[in-house]
Amino acid sequence: MTEQRRIYEPFDCAPGLRLAAHERVSSIHHEHLNLRLDRLEEMMERLERRLWLSVYGVAGVILAQAFQSVMAAAQ
């Protein structure tokens, strides 16, 4: 039985090692969260650009109709 116990390598199991492992896992989670937030910010910026493009498009149509009605009234 003592020979079987020697087959396995001893391993360190201390609270400090568990804390280090937890810190590594937490840092990985934090990195992935930052990546997801960056992607979300990029998507929001694209959506904001589309929104402003729509607003300028609607304003352009309104101004074009106003200009057209002024030109029709001037004739």
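To be clear, the structure that these remarks concern was listed above.
Residues numbered from 1 in each chain as written. Predicted model: local features only at pLDDT ≥ 70, side-chain atom pairs only at ≥ 80, totals over all residues. Heavy atoms only, no water.

S.K.: I'm lost on a nonpolar patch on the surface in this one. Help?
M.R.: A contiguous nonpolar patch, built from Leu33, Leu37, Leu40, Met43 and Met44 and spanning about 470 Å² of accessible area, is present on the exposed surface. Tracing the chain through its elements places Leu33 in helix H2 (residues 15-74). (Patch = residues over 30% accessible without salt bridge, like charges linked within 9 Å, V, L, I, M, F, W, Y side chains within 5 Å. Areas by Shrake-Rupley, 256 points an atom, 1.4 Å probe, with all protein chains shown as cover. Salt bridge = Lys/Arg side-chain N within 4 Å of Asp/Glu carboxyl O. Helix = DSSP H or I, 4+ residues; strand = E, 2+ residues; numbered from the N terminus.)

S.K.: Just checking my understanding: could you explain a negative patch on the surface for this structure?
M.R.: On the surface, a cluster of negative charge is made up of Asp38, Glu41, Glu42, Glu45 and Glu48. Relative to the helices and strands, Asp38 resides in helix H2. Overall, Asp38 belongs to the partly exposed group, its relative accessible area being 41%. (Lys, Arg positive; Asp, Glu negative; His and termini not counted. Charge placed at Lys NZ, Arg CZ, Asp CG, Glu CD. Buried < 20%, exposed > 50% of the residue type's maximum accessible area, 1.4 Å probe, protein only.)

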